[in-house]
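# Observations on chain architecture
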Amino acid sequence: MNTARRILSLLLAAPLIATAACSGDSKAGDDEPVTLTYAIWDQAQAAAMKQIVHEFHAQHPKIDVQVQVTPWESYWTKLQTSITSGTGPDVFWMTMVYAKYYATGGGTAPLDDQIKKSKLDMNAYVPAVTKAYTFGGKVYGIPKDVNGFGLCYNKLLFDAAKVKHPDDSWTWDDVVTAAQKLTDPKKGVYGFVAPEADELSWYLTVPQAGGQIISPDSTTSGYNQDATVKGIQFWTDMITKYHVSPTLQQTTDTDPLAMLTSGKVAMRYCGSWEPEEIAAVPYGKANIDVAPLPAGPGGNRNYYSNGLANSMSAKTKHPDQVWEFLQFLGSDRAAEIQAKTGTVIPAYQGHADAYAKAMPEFDLQVFVDHLKYAQPFPASTDTAAWRDAATKQFADAWTGKAPVADVSKRVAETMNQALAKEKK
């Protein structure tokens, strides 16, 4: 066990025993009203989450739920600190990136007993998402959603430059060619934006190139593989070779999505959770659409996909009420609310069509169709220990200070050191 997880485990151990001992003291039908806290990180999804909470409260009038929105940048630091101190949320969003860390460290509670007692049908969810939150045969989260990806593009800019709109025949080469035609330095317009953001950049192209971020058994890095380097090079070339993308500094100063919705860039790879935010900007709603992810070498369309789950804090004082809420969050109705608002593609199967039709101004079906190419998101017990380091190190490649191959080699060494500590 690595040092960070050992500390988390030790800090949580004693309170967990107390929680387990009193878990039967708090019943969903008690006369005393209960207030639960629900932590999420995406403001764009807050409206849908609050609608779900409103309907849950209507059915459970003695259980109030307060939705707490904390930006991703500070969400995990706040979550770990608050859970450790005993002041954390009762229910919170969990990502595949940190799922095993919190499960094995004692931050999230196993749900198997509740699932069995309530006869919750786990087959209702996308199997890959359920599997991602299952460790040691125990389930640590009720699946919420699954991510699809596509190429968002500006129809107005494409038409003005007389460039054909992207379709399912596009490859990486087509993206480069179009980006060159669409870039107009005089107008401050770039044909493409290449952010240094793994999930929205090289996690989408490394699998297409035949590379990997981490080995299937999560013990060794794949960053030192030639194919992995090729998948990353696609992004850095856009900045340092073709000059069709804003620089790393520019994408640090201004959100790449805002660049897309303001007409400053013509193309950006985007996720299935983002159309709602795009539609909130009048210019974006009128001019942006979605095309399939361009294929990599040999027509490969694979990509890494994340998917969220709702988890119960192992330190909650109201486990029974939390379970009632978790069941509703994982219900057909909650999935329907998320799908019809176009918020996300629900992990509860059968709602993808509703999501695809939620915003007629965008071709959301693209995201749904691409789910068949989704590969497991790169993760280990302590993913942050090597993922954060990789992001910092790749800045040298994004700025042209060092070749991608050299940086990838350094990243692999750092990552392998971190993975070796997990075995101890």
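Nothing here was measured: the structure is a model prediction, and the numbers come from that model.

### Concerning the pairing of strand β1 (residues 34-40)
Of all 7 residues in β1, 6 are buried; the element is thus mostly enclosed. Relative to strand β2 (residues 63-69), β1 runs parallel, the two being bridged by 7 bridges. The partner of Val-34 across the bridge, within β2, is Ile-63. Note: β1 against strand β3 (residues 91-94), 2 bridges, orientation parallel. Looking across to β3, one finds that Tyr-38 is bridged to Val-91.

### So, the side chain of Thr-95
In this structure, Thr-95 sits in the loop between β3 and α4 (99-105). Ignoring sequence-local partners within four residues, the contact set of Thr-95 consists of Trp-41, Trp-72, Trp-76, Tyr-133, Asn-306 and Leu-308.

### Side note on the state of the cysteines
Following the criterion strictly, the structure yields 1 disulfide and no others. Covalent S-S linkage joins Cys-152 and Cys-270, the inter-sulfur distance amounting to 1.9 Å. Across the S-S bond of Cys-152 and Cys-270 the torsion is about 80°, and the bridge reads as right-handed. Of the two residues, Cys-152 is situated in strand β8 (residues 149-154) and Cys-270 in strand β9 (residues 267-271); the sequence distance between them amounts to 118 residues. Judged by its relative accessible area of 0%, Cys-152 is buried. Given a relative accessible area of 0%, Cys-270 falls into the buried group.

### Comments concerning the confidence of the model for the protein chain
Summarising the model, the protein chain shows a mean pLDDT of 92, and 92% of its residues fall at 70 or more. Counting contacts from residues 1-7, a segment whose pLDDT is below 50, to residues more than four positions away or on other chains yields 17 contacts. Counting contacts from residues 9-29, a segment whose pLDDT is below 50, to residues more than four positions away or on other chains yields 30 contacts.

### So, the environment of Thr-183
By the secondary structure assignment, Thr-183 is in the loop between α8 (172-182) and α9 (202-205). C-alpha separation for the pair Thr-183 and Ser-245, spaced 62 residues apart in sequence, amounts to 8.2 Å. In contact with Thr-183, not counting residues within four places along its chain, are Val-189, Tyr-190, Gly-191, His-243 and Val-244. Within polar-contact distance, the side chain of Thr-183 engages the backbone oxygen of Ala-179 at 2.7 Å.

### Notes on the layout of surface pockets
Taking a probe equal in size to a water molecule and rolling it over the atoms shows the remaining empty space. Its boundaries defined by the atoms lining it, the largest pocket holds a volume of some 1,600 Å³. If you trace the largest pocket, you find 46 residues lining it, with Trp-72, Glu-73, Ala-197, Glu-199 and Arg-387 closest to the centre. At the level of secondary structure, the elements contributing two or more residues to the lining of the largest pocket comprise α3 (72-85), α4, α11 (248-253), α12 (256-261) and α19 (384-393). At 7 residues, α3 tops the list of elements feeding residues into the lining of the largest pocket. Roughly 960 Å³ of volume is contained in the second largest pocket. Ser-218, Pro-376, Phe-377, Pro-378 and Ala-379 are, among the 34 residues lining the second largest pocket, the residues nearest its centre. Elements that contribute at least two residues to the lining of the second largest pocket include exactly α4, α6 (127-132), β11 (303-305), β14 (374-376) and α21 (404-422). It is α6 that provides the largest number of residues to the lining of the second largest pocket, a total of 4 residues. Among the residues making up the lining of the second largest pocket, the classes are represented as 19 nonpolar, 10 polar and 5 charged.

About the criteria used
- Residues numbered from 1 in each chain as written.
- Predicted model: local features only at pLDDT ≥ 70, side-chain atom pairs only at ≥ 80, totals over all residues.
- Heavy atoms only, no water.
- Buried < 20%, exposed > 50% of the residue type's maximum accessible area, 1.4 Å probe, protein only.
- Helix = DSSP H or I, 4+ residues; strand = E, 2+ residues; numbered from the N terminus.
- Pairing = 2+ DSSP bridges.
- Contact = heavy atoms within 4.5 Å.
- Disulfide = S-S within 2.5 Å.
- pLDDT = per-residue confidence, 0-100.
- Polar contact = N/O pair within 3.5 Å; in protein donor to acceptor, adjacent residues only side chain to side chain.
- 1 Å grid on protein atoms, 1.4 Å probe; cavity = no way out; pocket = protein on both sides within 12 Å on 5 of 7 lines; lining within 4 Å.
- Points joined across faces, edges and corners; volume = space filled by probe spheres on them.
- Nonpolar A, V, L, I, M, F, W, Y, C, P; charged D, E, K, R; others polar.

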